[in-house]
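Chain residues, written in single-letter form:
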Amino acid sequence: MPTDSTLLDLILEPGRLTVEFQPMFDVGASRPQLFALECLIRGPKGSNAERPNILFEYVRRKRAEAAVDRACVASALADAGELPGDPRLSLNVHASTLGRDSGFHAFLLERAQEARIDPRRLIVEIVEHAPPLDVPSFRRALAQLRESGVAIALDDVGLGQSNYKMILDVRPEIYKLDRYLVSGAWADPYRQVILDSLARMVRRLEARAVAEGVENHHELVAVEAAGIDLVQGFLLARPLSRVELLAAGNLSGRAPAVA
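This text gives an overview of the structure that appears in the document.

Conventions adopted
Residues numbered from 1 in each chain as written. Predicted model: local features only at pLDDT ≥ 70, side-chain atom pairs only at ≥ 80, totals over all residues. Heavy atoms only, no water. Helix = DSSP H or I, 4+ residues; strand = E, 2+ residues; numbered from the N terminus. Buried < 20%, exposed > 50% of the residue type's maximum accessible area, 1.4 Å probe, protein only. Contact = heavy atoms within 4.5 Å. Arc of directions from axis to C-beta. Polar contact = N/O pair within 3.5 Å; in protein donor to acceptor, adjacent residues only side chain to side chain.

**Focus on the environment of R88**
Thinking step 1. By secondary structure assignment, the location of R88 is in the loop between α3 (65–80) and β3 (89–94).
Thinking step 2. Residue classification places R88 among the partly exposed positions, given a relative accessible area of 26%.
Thinking step 3. Residues R88 and P23 lie 65 residues apart in sequence; the distance between their C-alpha atoms is 9.8 Å.
Thinking step 4. Residues in contact with R88, not counting those within four places in the same chain, are F35, A36, L37, R120, R121, L122, I123 and A151.

Here is the structure:
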């Protein structure tokens, strides 16, 4: 087991991070269709940071978001480059990385080119645990990404730092509504009203809303009733390795079992 002083070096060592893909589905049609794959990172096997919540809490405590985000993006794009077809790919990036790392945009495009991935297939999903310290630099980074064809999503909308200020700063094309709003919504009129109001706001902004963490049929009915047709969660698909994703058949048009 690595010590704290060597754990960051282990995380950044090439080949130590592994990638899983969790599909997002568009359930607005007669049968669910794959919308995108979120690229999820797992830390070095056998280390304290193998679990993602521990991995990224440690990274934020060390203020190493930019270096680790680069490593995560490199691993995710390399693995995704081996997938057939041209699914959209969502990559989690800290807001602080975009505010501090002026070379991140170029790095992302270089890694996408190496993996033969068109930037127009990419979604950069802003992960919010602290607001960006340099808002002008953060906005410039978002503008550069958009100019390259990359879409912007805001994660965990409705929780923590993903508030109205961040909505105004980011102005995302995709709003990922936090699991906390979805959990038990079928029996909670407060959650129903909040989901409905957020869905209306997103439509007026000509964007898309994704309901995160849909784990049962009741929650699926509740988010559909609010007019949300993009869904992610264990009900439709768990995070899958590249081999498991290919076996599931989602890339070839197979609908999730819930259909």
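On we go from here.
**Considerations on helix α10 (residues 217–225)**
Thinking step 1. Within the sequence span of α10, burial applies to E219, L220, A222 and V223. End-on, the buried residues of α10 take up no more than an arc of 160 degrees, which puts them together on one face. For α10, exposure combined with an orientation more than 90 degrees from the buried face picks out V221 and A225.
Thinking step 2. For α10, the N-terminal capping position is held by N216, with its side-chain oxygen 3.0 Å away from the main-chain nitrogen of H218.
Thinking step 3. Following α10 by one or two positions, G227 has its phi on the positive side, about 90 degrees.

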